[in-house]
Amino acid sequence: MKKLLTLITVAALSSISLIAQNKDTKKADKLFSRYEFVDAAEAYKKLVDDGKGDGYVYAQLAESYYNVFNTQEAETWYAKALETSDEPEMIFKYSQMLKANGKYEESNTQMAKFAQMRPSDDRAIAYKENPDYLPKILDKEKKFNVQNLGFNTQYADFGGTLKNDKLYITSARNTSRKTYGWNEEPFLDIYELSKNEDGSYQAATLVEDDVNTRYHEGVVSFSPDGNTMYFSRESFFEREYEKDSITKVRYSLLQLFKATKSGSTWGNVEGFSINSKNYSIKNPSVSSDGKTLYFASDMPGGYGLFDIYKASINDNGSLGAPENLGQRVNTSGQEMFPFVSSKDILYFSSNGHLGLGNLDVFFAKIVDGKMGPVRNIGVPINSSADDFAFNLDEETGEGFVSSNRDGGLGGDDIYGIKKLQPLFDVLVAGTVVDAETDQPINAATVTLYDDQGNKVLSKVTDSDGTVDFMIETGKEAELEIVMDGYESQKLRIPASENEEEQVTIMLNPIEVIVSPEEIILNPIFFEYDKSNITAQAAFELDKLVQIMKKYPEMVINATSHTDSRGSASYNERLSDRRAKTTVQYVISKGIDKTRISGMGKGENEPKVDCGSNCSEEEHQLNRRSEFLIVSGGPQDQ
């Protein structure tokens, strides 16, 4: 996979101290500029052995090892280079290598230094907002099983796209190809493996026809019918490259192509109009409905080295204008390998968001075309190494992830994954309907409260009466629904481990709480020995306010009653205070004071005449507020 990180820019790789180049470093520098990092590292190391090491040589050694993910050597030489340098990007990379080697406290020390030097960098901002992020990721409950697959080789193997019982991977196992100077492995090709009934795979075979070339091909994605393959390819094949006038080194890009299937063969390979000789496009991923293509690119106008974009797939097979997914997803680092599942969840890899290693897998829910919060998927999908090319069948919970973590067979290996439990906070998908007609209610206000009763967020239903919220897995929540002309409702959402809970809220027209003689509300609760209006009481009294606004001639007498516990005089005083407070609340909502009066009845007019032998249920029935219609009711209109 490091091969495909290429084609970033040499300047980004070697800009640390170019002024220190000299005739001694000329050979090593040329190898480095040609991306031949293995040989470059040997050449720089020989300079050190010959006593010609300096800050520049140490930095170039570190960069060479960084680019082939030799984390131990990169850590060593970054530390040496930083003895005489305080270059912020070098400090950031040193932090990444420490983290990759499991030295989390030391990594955080370097990140704190980087954040102080580059306070406006979004990587620094993310770190300062959550400096203790590593334990939070490591302590997450395990949500996947991960297993190295038997078809991996000693070479780079990555990707994993299953289509029509065939698994498509990208691999450097083709030893008949020329080797690539970056890491001395053969160029990458696309392979396919047939899946057996027992879930195992047959031997990998090279995808023939016009797809593979003698240059790099990357990961693939397919149209829903499986007849169109999207993939990236190195631009050398198209004879498009830049040539350094001094070193004569040719620099290629990655471009996007599609091939169509005819019978059992792939052909008619075509490039897209969004390809350019000025930037790369790679890692294509088709949405489940086949209408959108997601990809990574370093095209101008992005936020970092590589950003994730999307483009519509037109009916004629062409692509619409690329659209950047925005700063919630993209950072000043690299975001790559997008995959959007059938549940509209974007999975991608990044070294810009806070993670365990260099590239970690992250995910975000797409709701109404907008990205939800980005979350780290946690261990064991992520490790202290590079983890990328995540792909998941949401129905079976099975998929693939690629990694160069310790214990693999080659540089990059493909791992099979099995989802054990939901990833997300619970998506509450609500629909508000009229209880009498069953028709959706547009523009109802729905407010989410957490399990502590705190207001979280309010939304308005759309024309289909729907509204979505995210709540924390395993925590209760409550929805409050308010709409003019309807009785307001509250709905408790039980604690859930599911990814989605669908709820239907039925609102009754407001008239259902109006009888010829009174307004029937749910019990108005007050705190013990208190008369102030609580949130629950306000919710019920707002229904009364709505009724009185609908019937502007209505006059109400509010009475407050207690149970028979306590002295009669105490109960009469308490109920009178509560009645008067109730009246004041209604007046505060815009009802003229001449239209409502209040009186405390104490224990004098029990609903249930049970004397001194009342049950708790009977006491509760006697503790009540009543709202009697004096005049101006619906029958008088």
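Residues numbered from 1 in each chain as written. Predicted model: local features only at pLDDT ≥ 70, side-chain atom pairs only at ≥ 80, totals over all residues. Heavy atoms only, no water.

## Considering the packing of helix α2 (residues 26-33) against helix α3 (residues 37-49)
Taken N-terminus to C-terminus, the directions of α2 and α3 make an angle of 160°; their axes are 8 Å apart at the nearest point. Taken together, the axis directions place α2 and α3 in an arrangement best described as roughly antiparallel. α3 is crossed by α2, and the crossing has left-handed handedness. In this structure, α2 uses Ala28, Asp29, Leu31 and Phe32 to contact α3, whose residues at the interface are Phe37, Asp39, Ala40, Ala43 and Tyr44. Its residues placed into classes, the contact of α2 with α3 shows seven nonpolar, no polar and two charged. (Axes fitted to C-alpha atoms, helices over the stretch in contact; angles between N-to-C directions. Helix = DSSP H or I, 4+ residues; strand = E, 2+ residues; numbered from the N terminus. Parallel < 35°, antiparallel > 145°, perpendicular 65-115°, else oblique. Left-handed = near helix turned anticlockwise from the far one by under 90°. Contact = heavy atoms within 4.5 Å. Nonpolar A, V, L, I, M, F, W, Y, C, P; charged D, E, K, R; others polar.)

## A short note on the state of the cysteines
All told, the structure shown has one disulfide when counted by the stated rule. At a sulfur-sulfur separation of 1.7 Å, the disulfide partner of Cys610 is Cys614. A torsion of 95° about the S-S bond marks the disulfide between Cys610 and Cys614 as right-handed. Of the two residues, Cys610 and Cys614, both sit in the buried class. (Disulfide = S-S within 2.5 Å. Buried < 20%, exposed > 50% of the residue type's maximum accessible area, 1.4 Å probe, protein only.)

## Some remarks on the pattern of salt bridges
On inspection of all chains with the given rule, the structure shows 27 salt bridges. Glu192 is the salt-bridge partner of Lys166, the closest N and O atoms lying 3.4 Å from each other. Separated by 26 residues along the polypeptide, Lys166 in strand β3 (residues 166-171) and Glu192 in strand β6 (residues 189-194) bring together distant segments of the chain. Judged by relative accessible area, Glu192 falls into the buried class, the value being 17%. (Salt bridge = Lys/Arg side-chain N within 4 Å of Asp/Glu carboxyl O.)

## Topic: the confidence of the model for the protein chain
Any region with low pLDDT has predicted coordinates that should not be read closely. For the protein chain, the average pLDDT comes to 86, and 93% of its residues sit at 70 or higher. Confidence over residues 1-19 falls short of pLDDT 50; this stretch has 66 contacts with residues more than four positions distant or in other chains. (pLDDT = per-residue confidence, 0-100.)

## Looking at the sheet that holds strand β31 (residues 489-493)
Read across the sheet, four strands follow the order β28-β27-β30-β31 without closing on themselves; strand pairing throughout is antiparallel. Two strands lie at the open edges of the sheet, namely β28 (455-460) and β31, each paired on one side alone. Direction aside, the axes of adjacent strands within the sheet are offset by 20° on average. As paired elements, strand β30 (residues 477-482) and β31 share five bridges and run antiparallel to each other. What sits directly across from Leu479, in β31, is Leu491. (Pairing = 2+ DSSP bridges.)

## Quick notes on the sheet that holds strand β33 (residues 518-519)
Strand order in this open sheet of four strands is β33-β36-β34-β35, and the pairing throughout is mixed. With one partner strand each, in any of the chains shown, β33 and β35 (596-602) form the two edges of the open sheet. Bridge count for strand β34 (residues 555-561) against β35 is six bridges, and the pairing is parallel. By the bridge assignment, His561 is partnered in β35 with Gly602. Across the sheet, helix α11 (residues 568-588) touches β34, β35 and β36 (624-631), and the angle it forms with β35 is around 160°.

## Remarks on the packing of aromatic side chains
Throughout the structure, instances matching the rule amount to 18 aromatic pairs. Ring geometry for Tyr230 against Phe272: centres 6.1 Å apart, planes inclined by 15°, an arrangement best described as stacked. Of this pair, Tyr230 sits in strand β9 (residues 228-234) while Phe272 sits in the loop between β13 (265-271) and β14 (281-286); the two residues are 42 residues apart in sequence, bridging distant segments of the chain. Centre to centre, the rings of Phe295 and Tyr309 are 6.0 Å apart; their planes meet at 10°, and the pair counts as stacked. A residue pair is termed long-range when its members are at least 10 positions apart, and Phe295 in strand β15 (residues 292-297) and Tyr309 in strand β16 (residues 307-312) qualify at 14 residues. Judged by relative accessible area, Phe295 falls into the buried class, the value being 0%. The rings of Phe144, Phe339, Tyr347, Phe363 and Phe390 are connected pair by pair, giving a single aromatic cluster. (Phe/Tyr/Trp six-rings, centres within 6.5 Å; stacked < 30°, edge-to-face > 60°.)

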